[in-house]
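Architecture and fold: a report
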Amino acid sequence: MQQRLDNVRQGFFANDFVDAAQEFSGGTDFGAMDNLELLISSDALFHSNDFTASDAGYEEFNHRNIDLTGGSLGREATALIAGNMANEYRPYMMDSLFVSYYQLWAALAQSRFDDARVIINQSYARQQNMSREYADLIEESQQSYAENPDLVTQIQNSNSNWLAFRNIMNPALTYLAGIYFLNMGDFSDATTYLKRADGMSPGNSFIKQDLQSAEQGKIPSNVVWVFIEDSFAPKLQEERINVPMVTGNGISIVPIAISEPVFFDSVVSIDGAQELANVDALFMTEYGQYRINEALRAWASATTRAVLQSAMYNSNSQYAPFMGLSSTLFSVATTNAEVRTWATLPKNIYLLRTQKNKSGLIELHSNGNLIAEIPVPDGNVLVYIRFGNNAYDTKVIKIK
């Protein structure tokens, strides 16, 4: 799975979106895809400007009503017996918000402005629910700490350098909603959403400019908002932690499998752009809570298997060596960590608020060097750009 997801990233980095997604999913039938295949395939269609098809894929995801945080006896039993990867991918809460983010872009690209308002309202309700669910996750983690403090502390220490957002929110989605309302002349809603975006990204002066316009009841004139996506969100790889445990054979070292985040470097830095959303931080906010529970489940599973192995090897049966070996092989084969993520999400989203030059172009520079020229029409314009390897996916949307 780790290799398959690496292949998807390589395809997206080369702007070979659809082929990379189809190689991963094995087809184009949304209904037959698992959750992760559906997200990656819909993302590929979005980047290929097939907005109708991508929206259909995202709607399929929305209609599945996936429980993003709650556990189930079936999932826990499957993970205990056959390992984490035996379950279908359960998306992160941030995945669901990125679905809304890309659906909003698709609606704006097709001038479906009424649909855009519906998507915004649905996404805000979703964010409110997720904030409450995230609070429950933290409470659950605190209880887990009380039950197994040594293991939880070991996990937490590796994440201690992350100062992530307190709530599971997507500043880019919130800000894009504010820009939509501002250009529609709905200054009350624009002010509300831009205040929220300003609270999530307090150092972004572009947001403050738009918030001031909303508060003054003025629609900006001849402005271009450039949303820049860069690199990839963290990937997960499997790591083993060795934990001592008392068994029938004395002290045994029991390996447990947990996931470990690996972070990507930025692809490009755009002169004058300001950070809008740190997706690494969004991911780590949520992942940090799940990882503790993953480790505790792995510990429970490893303990059960170690006891089984000990019982098989120490039984009085003439087949004890065979049964012991079989239980050991089963344990090795089914000990795995959850390494699946929505692999094609960006590492960062940056914002450039500017105006076109006299030739009708937006010029993007990196370290003073011109790297992209984007023609834009008159009036207020939204530009979406995703950088890859010497190529970029660009969408230009006239919004006013």
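To keep things clear, this report deals only with the structure shown in the data block. Position numbers for residues start from 1 in each chain and track the written sequence from start to end. Predicted model: local features are reported for residues with pLDDT of at least 70 only, side-chain atom pairs are reported and counted for 80 or more only, and whole-chain, interface and lining totals are derived from all residues. Hydrogens and waters are ignored; side-chain quantities use all the structure's heavy atoms.

Here we look at empty space enclosed by the protein
- Cavity means a closed set of points on a 1 Å grid over the protein atoms alone, one where a 1.4 Å probe fits but cannot get out, pocket means an open set with protein on both sides within 12 Å along at least 5 of 7 lines, and lining means a residue has an atom within 4 Å of a point. Grid points are joined across faces, edges and corners, and a volume is the space filled by probe spheres set on the points. Using the criterion set out here, one finds two cavities of 30 Å³ or more in the structure.
- Quantified by volume, the largest cavity comes out at close to 60 Å³.
- As for the largest cavity, its lining consists of Tyr92, Met94, Asp95, Ala233, Pro234, Phe283, Thr341, Trp342, Ala343 and Leu345.
- By residue class, the composition of the lining of the largest cavity is eight nonpolar, one polar and one charged. Three classes are used, and their members are as follows: Ala, Val, Leu, Ile, Met, Phe, Trp, Tyr, Cys and Pro are nonpolar, Asp, Glu, Lys and Arg are charged, and the others, Gly among them, are polar.

Points about the pattern of salt bridges
- Salt-bridge detection follows one rule: a side-chain nitrogen of Lys or Arg within 4 Å of a carboxyl oxygen of Asp or Glu. Scanning all chains against the criterion turns up 14 salt bridges.
- A salt bridge links lysine 235 to aspartate 6; the nearest nitrogen and oxygen atoms lie 3.3 Å apart. Of the two residues, lysine 235 is situated in strand E2 (residues 235-247) and aspartate 6 in helix H1 (residues 2-13); the sequence distance between them amounts to 229 residues.
- Assessed through its relative accessible area of 19%, aspartate 6 is described here as buried.
- With a shortest N-O distance of 3.0 Å, arginine 353 and aspartate 210 are connected by a salt bridge. Placement of the pair is arginine 353 in strand E5 (residues 348-354) and aspartate 210 in helix H11 (residues 205-216), with a sequence separation of 143 residues.
- For every residue, the accessible area (1.4 Å probe, protein chains only) is compared with the maximum for its type, and the residue is labelled buried under 20%, exposed over 50%, or partly exposed between those bounds. For arginine 353, a relative accessible area of 16% puts it in the buried group.
- Judged by relative accessible area, aspartate 210 falls into the buried class, the value being 0%.
- Sharing partners across several salt bridges, the network here consists of Asp6, Arg9 and Lys235. A run of H or I in DSSP becomes a helix once it reaches four residues, and a run of E becomes a strand once it reaches two; helices and strands are each numbered from the N terminus.

Some details on the pairing of strand E8 (residues 381-387)
- With respect to burial, E8 is a largely interior element, seven of its seven residues being buried.
- Every second residue of E8 is oriented toward a common face, with Val381, Val383, Ile385 and Phe387 on one face and Leu382, Tyr384 and Arg386 on the other, all of them buried.
- As defined by bridge partners, strand E1 (residues 224-230) adjoins E8 across six bridges and the pair is classed as parallel. When the sheet's bridge partners are listed, tryptophan 225 is paired in E8 with leucine 382.
- Note on pairing: DSSP must find at least two bridges between two strands before they are called paired. With seven bridges connecting them, E8 and strand E9 (residues 392-398) associate as antiparallel partners. For valine 381, the partnering residue across the bridge sits in E9 and is lysine 398.
- If you look at the hairpin formed by E8 and E9, you'll find four residues sitting between the two strands, and asparagine 390 has a positive phi there, around 60 degrees.

Looking at the sheet that holds E9
- Judged by pairing direction, the sheet is mixed, and its five strands sit side by side in the order E4-E5-E1-E8-E9 without closing on themselves. Two strands bound the open sheet, and with one partner strand each, they are strand E4 (274-278) and E9. Averaged over neighbouring strand pairs, the angle between their axes works out to 20 degrees when direction is ignored.
- Its contacts with the sheet put helix H9 (residues 171-183) on E1, E4, E5 and E8, and the angle it makes with E1 is roughly 165 degrees. To obtain an axis, a line is fitted to C-alpha atoms, over the contacting stretch when the element is a helix, and the angle between two such axes runs from 0 to 180 degrees between their N-to-C directions. Every residue pair with non-hydrogen atoms within 4.5 Å of one another is taken to be in contact.

A look at the packing of aromatic side chains
- Only rings of Phe, Tyr and Trp enter the pairing, Trp through its six-membered ring, and a pair is recorded when the two centres are within 6.5 Å. The plane angle decides the type: under 30 degrees is stacked, over 60 is edge-to-face, the rest tilted. Under the defined criterion, the tally for this structure stands at 21 aromatic pairs.
- Taking the centre distance of 4.9 Å and the plane angle of 45 degrees together, the rings of phenylalanine 46 and tyrosine 102 count as tilted. Here the residue phenylalanine 46 occupies a position in helix H3 (residues 35-47), and tyrosine 102 occupies one in helix H6 (residues 93-109), the gap between them amounting to 56 residues.
- Measuring from centroid to centroid gives 5.9 Å for phenylalanine 98 and tyrosine 102, while their planes differ by 35 degrees, and the two rings are tilted. Linking phenylalanine 98 with tyrosine 102, this pair stays in helix H6, spanning four residues, or about one helical turn.

Topic: helix H10 (residues 187-200)
- What a helix is expected to span follows from its residue count: subtract one and scale by 1.5 Å. When the terminal C-alpha atoms of H10 are compared, their 20 Å separation across 14 residues agrees well with the 20 Å that a helix rising 1.5 Å per residue should span.
- Looking at H10, one finds that the buried residues are Ala190, Thr191, Tyr193, Leu194, Ala197, Asp198 and Met200.

Structural notes on the packing of H9 against H11
- Packing of H9 against H11 leaves a shortest axis separation of 11 Å and a crossing angle of 35 degrees. Here H9 runs over H11; the crossing is left-handed. Note on element contacts: H11 touches H9 through Phe206, Ile207, Asp210, Ser213 and Ala214, opposite Tyr175, Ile179 and Leu182.
- Considered class by class, the residues forming the contact of H9 with H11 number six nonpolar, one polar and one charged. Whether a crossing is left-handed or right-handed is set by the direction in which the near helix is turned from the far one by less than a right angle, anticlockwise for left-handed and clockwise for right-handed.

Some details on the environment of asparagine 35
- When you line up the elements, asparagine 35 lands in helix H3.
- Given the relative accessible area of 6%, asparagine 35 is considered buried.
- Taking the C-alpha atoms as reference points, asparagine 35 and glutamate 60, separated by 25 residues in sequence, lie 9.5 Å from one another.
- Leave out the neighbours within four places in its chain, and asparagine 35 touches Arg64, Ile66, Glu88, Tyr89 and Pro91.
- Polar contacts here mean pairs of N or O atoms no more than 3.5 Å apart (in protein, one a potential hydrogen donor and the other a potential acceptor; neighbouring residues in sequence count only if both atoms are side-chain atoms). Polar contacts involving the side chain of asparagine 35 include one to the side chain of arginine 64, which spans 2.9 Å.

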